[in-house]
Amino acid sequence: MDDAARKAVEHLKDIAANYIKLSLVDAEAAADPKESGRGLEQVADAMGKAWGSLLVQLDKELKHYLVLSTLSGTFSTSQQAWFAWEKELYAHMKSRRGFLPLTQGFPLTMWT
């Protein structure tokens, strides 16, 4: 890993340790996202050897996303050879399964 990449990783670790605060699902808002504007959203990304995702919901002021849960995983050697769209789809599939206890029964918007 080069110096720029190492600094970027350290910066992300700092953000995670000091700025991300986990929140609880606002079930009433999640049940009617068209009215509340605060549905549940799954954001997943995949790249190289790993994938990661967040389950988020907007705060009551509709200004900031609240992190409800996070997931991540790695790809096997054969999975690393997949096309980018296959990795992204896999990340969403694994995230959907992992977040199911929090999202079941609610509409879910998925972003990649």
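Here goes a summary of the coordinates provided.

Cut-offs used in this document
- Residues numbered from 1 in each chain as written.
- Predicted model: local features only at pLDDT ≥ 70, side-chain atom pairs only at ≥ 80, totals over all residues.
- Heavy atoms only, no water.
- Phe/Tyr/Trp six-rings, centres within 6.5 Å; stacked < 30°, edge-to-face > 60°.
- Helix = DSSP H or I, 4+ residues; strand = E, 2+ residues; numbered from the N terminus.
- Buried < 20%, exposed > 50% of the residue type's maximum accessible area, 1.4 Å probe, protein only.
- Lys NZ or Arg CZ within 6 Å of the ring centre and 35° of its normal.

Considering the packing of aromatic side chains
And step 1. Tallying each qualifying case throughout the model produces 3 aromatic pairs.
And step 2. Ring geometry for phenylalanine 75 and tyrosine 90: centres 5.7 Å apart, planes at 50°, overall tilted. One end of the pair, phenylalanine 75, is in the loop between β3 (65–74) and α4 (84–103); the other, tyrosine 90, is in helix α4, and 15 residues separate them in sequence.
And step 3. In this structure phenylalanine 75 comes out as buried when scored by relative accessible area, which is 5%.
And step 4. The buried category is assigned to tyrosine 90, whose relative accessible area is 17%.
And step 5. When the centroid spacing of 5.3 Å and the interplanar angle of 70° are considered together, the rings of tryptophan 82 and tyrosine 90 count as edge-to-face.
And step 6. An aromatic cluster is present here, built from Phe75, Trp82 and Tyr90 joined pairwise through their rings.
And step 7. Above the ring of phenylalanine 75, the side-chain terminus of lysine 87 is found at 5.6 Å from the ring centroid.

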